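# Understanding the architecture of this molecule
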Amino acid sequence: MIELLKRYFGYDEFRPLQSEIVDAVMDGSDTLVVMPTGGGKSLCYQLPALGLPGITLVVSPLIALMKDQVDALKANGVPAECLNSGMSGEEQSRVQIKTRRGELKLLYVAPERIARPGFQRFLESIELSLIAVDEAHCISQWGHEFRPDYRNLRQLRHITPETPVIALTATATQRVRDDIVAQLDMKSPSVYTGSINRPNLRYAVFPNTGKYDTLVERLRRRQGSSAIVYRGSQKGCDELAADLTEEGFKSLPYHAGLGSEIRQRNQDRFVRDQVDVIVATVAFGMGIDKPDIRLVAHYDMPGSIERYYQESGRAGRDGLSSDCIVFYGAQDREREMFFIGRMESDLERESAQSKLDAMVSYCQTGACRRAALLRYFGEEPSEESCDSCDVCEAETFDATIISQKILSAVIRTGERFGATHVSQVLTGRRVKSVVERGHDSLSVFGIADDYTAKSLREIMATLVGRGLLARSDSQYPTLSVTPQGRRFLKERENIELPVLESTKRVLRDSKAELDYDNDLFQKLRELRTRLASERGVPPYVVFGDVSLREMAHYYPQSEASLLKINGVGRVKLNDFGDEFLATIRDYAEPKSIPDGAAMASPNAAKEPRRSQNGNSSRKSRMGSSIEKTHDLLREGLPFQEVVNRRGLADSTISSHIEWLIESGDLKDYERYLPAESDLKRITHAFDTLGDERLRPVHEALDGEVAYWKLRLARAHRRKRKVAQ
Ligand code: ADP
Ligand code: MG
């Protein structure tokens with residue numbers, strides 16, 4: 001099989017589960033495959049088709065898709081054809097003749113054809129080795145894409161009860177899976193469920209503010225490759241597509257309002273790379289097997305994670321790194337709420353509401369986005385941090401103090417309020433709701449006024465994600481402190497949080513702030529207070545903090561230099577100049593600090609830094625999972641086999657190996673390294689680009705070397721460095 005794989009498809013290795021599935025199919029068992037988009041499901045029947053004596057009948061829902069697949073197979077030298085209503089009678093009988101003669105290995109048909117008596121007779125006249133049902137969830141009315149024609153497949157089973165079936169789908173709840181098995185009358189099927197994780201997809205969420213610019217910037221980064229931008233409305237699609245065209249992107253809209261001809265044409269142009277960007281409603285996507293979509297952007301947040309996962313999943317089918325971004329703002333929630341409000345049944349409304357809530361919390365979470373997606377679908381992530389979502393990649397800052405303040409405020413206000421109220425208390429807003437409850441006299445009132453209310457709310461969302469706070473599941477969610485949160489306070493634990501968009505602003509501001517001589521600043525403040533009280537005015541009327549800080553930074557000792565200070569005008573110079581200059585001179589002269597000397601900054605604001613996980617904490621985090629991988633490695637299994645057996649992503653296994661190499665636990669690892677020639681190129685790239693981040697290296701090598709190989713090469717390199 002591996003030979004056929006190489007010969008026909010040109011691949012060296014199987015993707016996870018492919019090899020087991022192919023074996024099961026070759027053994028003649030009925031098989032159900034649930035694997036994410038881009039998982040490589042087609043190969044699971046295409047490869048057996050080549051190895052089996054007769055023909056494989058493939059049932060596929062869309063003519064366009066069928067045609068593309070057949071073309072792709074033919075291009076690989078695999079004898080395949082399709083039968084569909086778009087073909088002339090002559091063409092159809094030509095295909096039937098070829099089939100009868102045994103010249104074909106795969107025959108693609110649409111489900112409606114199966115009901116035709118003529119076609120059923122035809123089937124009885126050929127040697128059928130395997131039936132493959134692609135997009136098998138279409139058979140179930142519990143699925144989201146029910147196609148009544150798929151029910152014809154039952155008849156097919158009656159005609160050829162002995163022929164094994166393989167059913168494949170990317171999305172199936174347990175209920176749908178059971179339904180597929182029942183409807184297709186599958187006999188003790190082998191069921192293969194791949195991880196729904198898409199390791200090559202990078203997830204990020206952006207605020208709605210400035211989203212057009214963000215989108216344009218993202219598209220620029222990926223200019224010349226394909227992108228889908230999803231929008232909530234047809235009008236929005238038209239407008240955005242026009243704007244992007246003006247911006248210099250080749251883009252077209254796609255939505256139900258366009259009429260089927262234009263829609264088809266726009267889709268074709270996209271698939272053929274004649275346009276790069278398609279701006280579409282949900283109507284777009286089914287039937288697009290385009291493997292090289294590098295960006296899927298949701299310009300308007302979708303109403304459920306199901307939809308988000310499916311639509312964003314259209315990116316990067318070919319396994320190369322691609323971006324999935326979604327824009328989010330309170331308006332998105334309101335828009336979806338509006339639709340939900342118009343739903344007829346209570347049940348429907350409730351279900352839609354909880355789906356929406358989940359989507360919103362995906363956007364708001366401060367924890368790993370990938371982990372959030374996996375958990376939503378009931379899969380336990382192998383790592384809490386994926387290194388390829390905006391949260392995991394974000395710079396972190398020491399959030400210990402602000403987190404303590406937040407938790408304290410939640411407790412002091414009685415754990416009965418939501419994030420908005422708590423943030424108002426923390427920032428010291430004397431709004432009615434705060435004053436009415438006397439919360440302005442709490443010790444926590446105003447203790448976080450250096451943060452914006454928005455950034456506090458984001459941090460609270462993150463703390464919910466980290467399990468320190470809990471949010472109630474009600475219409476007006478309230479916050480409470482979890483036992484873990486109480487321990488955090490009691491034990492005075494430290495916490496690092498990602499720098500999110502709004503906290504970034506806070507940090508940026510404080511970073512942009514001037515460092516100043518605090519002793520001098522205090523003296524100037526005293527002076528300010530004195531002068532202000534002499535005049536019966538508030539201190540800031542004399543000089544604001546900005547002015548004082550600048551004075552405490554530049555040490556102005558002449559009128560000319562004092563005038564340069566922010567906030568020092570002619571009048572104030574006249575009124576206060578002498579006093580301030582005297583104070584500064586008294587301070588500076590004994591220290592021989594010259595006039596206008598900018599202060600050297602010994603304790604400049606700390607750079608936010610990436611969190612550094614020491615190896616020890618990392619091991620305990622991955623713990624037994626690493627050990628399981630280690631066992632397989634000790635057996636000497638090839639990398640791909642280890643990946644398959646563990647059912648984990650390449651990236652996970654390679655990070656296990658990386659850890660094992662660096663910790664010295666794995667000695668004989670040479671066989672897992674890339675080939676010598678590759679290793680040279682990689683090492684060279686690390687030498688010039690550094691080895692902290694893999695992406696630049698990956699890109700420098702034109703994306704030709706998989707991340708997992710880079711990771712192992714890096715571990716090897718580091719290990720050798722230590723040894724030298
Ligand atoms: P799915 O139907 O699960 O969404 P496809 O069968 O369309 O996925 O495969 C997605 C992409 O992965 C295709 O471009 C295919 O050529 C590629 N692919 C499948 N199997 C392998 C493999 N073993 N090695 C490399 N590429 C593969
Ligand atoms: Mg497919």
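Before reading further, recall that the structure is shown in the block above.
A short tour of the structure in this document, coming up. Small disclaimer: the values here were computed from a predicted structure and weren't measured.

## Looking at helix H29 (residues 639–646)
The element H29 is largely enclosed, with a buried count of six among its eight residues. All of the buried residues in H29 are Phe639, Gln640, Val642, Val643, Asn644 and Arg646. Among the residues trailing H29, Gly647 stands out with phi positive, at a value near 65 degrees.

## Concerning the site of ligand 1
In the neighbourhood of ligand 1, 14 residues make up the surrounding shell, with Tyr11, Glu13, Gly38, Lys41 and Ser42 lying closest. At 3.1 Å, a backbone N or O of Gly40 approaches an oxygen atom of ligand 1. One of the side-chain N or O atoms of Lys41 is found 2.7 Å from an oxygen atom in ligand 1. Burial of ligand 1 by the protein chains amounts to 80% of its free accessible area of 560 Å².

## Re the side chain of Glu658
If you trace the backbone, Glu658 turns up in helix H30 (residues 650–663). Given the relative accessible area of 3%, Glu658 is considered buried. Side chain to side chain, Glu658 and Arg714 meet in a polar contact 2.8 Å long.

## Digging into the packing of helix H1 (residues 2–9) against helix H3 (residues 42–51)
Running from N to C, H1 and H3 point in directions that differ by 105 degrees, and their axes come no closer than 10 Å. Considered as vectors, H1 and H3 are oriented roughly perpendicular to each other. Here Leu4, Leu5, Tyr8 and Phe9 of H1 come into contact with H3, specifically with Leu43, Gln46, Leu47, Leu50 and Gly51. Among the residues forming the contact of H1 with H3, the class breakdown is seven nonpolar, two polar and no charged.

## As for the pattern of salt bridges
Counted by the stated rule, this structure contains 38 salt bridges. The residue Arg231 makes a salt bridge to Asp300 at a minimum N-O spacing of 3.1 Å. Of this pair, Arg231 sits in the loop between strand S9 (226–230) and helix H10 (234–246) while Asp300 sits in the loop between strand S12 (293–298) and helix H12 (305–312), and the two are 69 residues apart along the sequence. Residue classification places Arg231 among the buried positions, given a relative accessible area of 18%. Classification of Asp300 as buried rests on a relative accessible area of 9%. Each member of the salt-bridge network shares a partner with another, and the members are Lys211, Arg231, Asp300, Asp332, Arg335 and Glu336.

## Quick notes on the sheet that holds S12
Picture the strands of a sheet paired through backbone hydrogen bonds; they go either parallel or antiparallel. The parallel open sheet is built from six strands, whose spatial order is S8-S13-S12-S9-S11-S10. Looking at the sheet topology across the chains shown, the edges are occupied by strand S8 (201–207) and strand S10 (251–254). Ignoring which end each strand starts from, the neighbouring axes of this sheet average 15 degrees apart. Sheet analysis places S9 next to strand S11 (residues 277–280), joined by four bridges and oriented parallel. Bridging across to S11, Val229 finds its partner in Val279. The sheet contacts of helix H9 (residues 211–221) involve S8, S9, S11, S12 and strand S13 (322–328), and relative to S13 the element is tilted by about 175 degrees. Lying on the sheet, H10 is in contact with S9, S10 and S11; it crosses S10 at an angle near 175 degrees.

## Considering helix H31 (residues 676–689)
For H31, built from 14 residues, the straight-helix expectation of 20 Å at 1.5 Å per residue is met to within 8% by its first-to-last C-alpha distance of 20 Å. Of all the positions in H31, only Leu679, Ile682, Ala685 and Phe686 are classed as buried. When H31 is viewed along its axis, its buried side chains cluster within an angular range of 125 degrees and face the same direction. Facing away from the buried side of H31 by more than 90 degrees, the exposed set consists of Glu676, Ser677, Lys680, His684, Asp687 and Thr688. Gly690 occupies a position one or two residues after H31 and carries a positive phi of about 80 degrees.

## With respect to a negative patch on the surface
Residues Asp213, Asp243, Glu246 and Glu247 make up a contiguous surface patch of negative charge. Along the chain, Asp213 turns up in helix H9.

The rules we used
- Residues numbered from 1 in each chain as written.
- Chains lettered and ligands numbered in written order.
- Predicted model: local features only at pLDDT ≥ 70, side-chain atom pairs only at ≥ 80, totals over all residues.
- Heavy atoms only, no water.
- Buried < 20%, exposed > 50% of the residue type's maximum accessible area, 1.4 Å probe, protein only.
- Helix = DSSP H or I, 4+ residues; strand = E, 2+ residues; numbered from the N terminus.
- Near = heavy atom within 4 Å.
- Polar contact = N/O pair within 3.5 Å; in protein donor to acceptor, adjacent residues only side chain to side chain.
- Areas by Shrake-Rupley, 256 points an atom, 1.4 Å probe, with all protein chains shown as cover.
- Axes fitted to C-alpha atoms, helices over the stretch in contact; angles between N-to-C directions.
- Parallel < 35°, antiparallel > 145°, perpendicular 65-115°, else oblique.
- Contact = heavy atoms within 4.5 Å.
- Nonpolar A, V, L, I, M, F, W, Y, C, P; charged D, E, K, R; others polar.
- Salt bridge = Lys/Arg side-chain N within 4 Å of Asp/Glu carboxyl O.
- Pairing = 2+ DSSP bridges.
- Expected span 1.5 Å × (residues − 1).
- Arc of directions from axis to C-beta.
- Patch = residues over 30% accessible without salt bridge, like charges linked within 9 Å, V, L, I, M, F, W, Y side chains within 5 Å.
- Lys, Arg positive; Asp, Glu negative; His and termini not counted.
- Charge placed at Lys NZ, Arg CZ, Asp CG, Glu CD.

The values reported here are purely geometric and, on their own, carry no functional implication.
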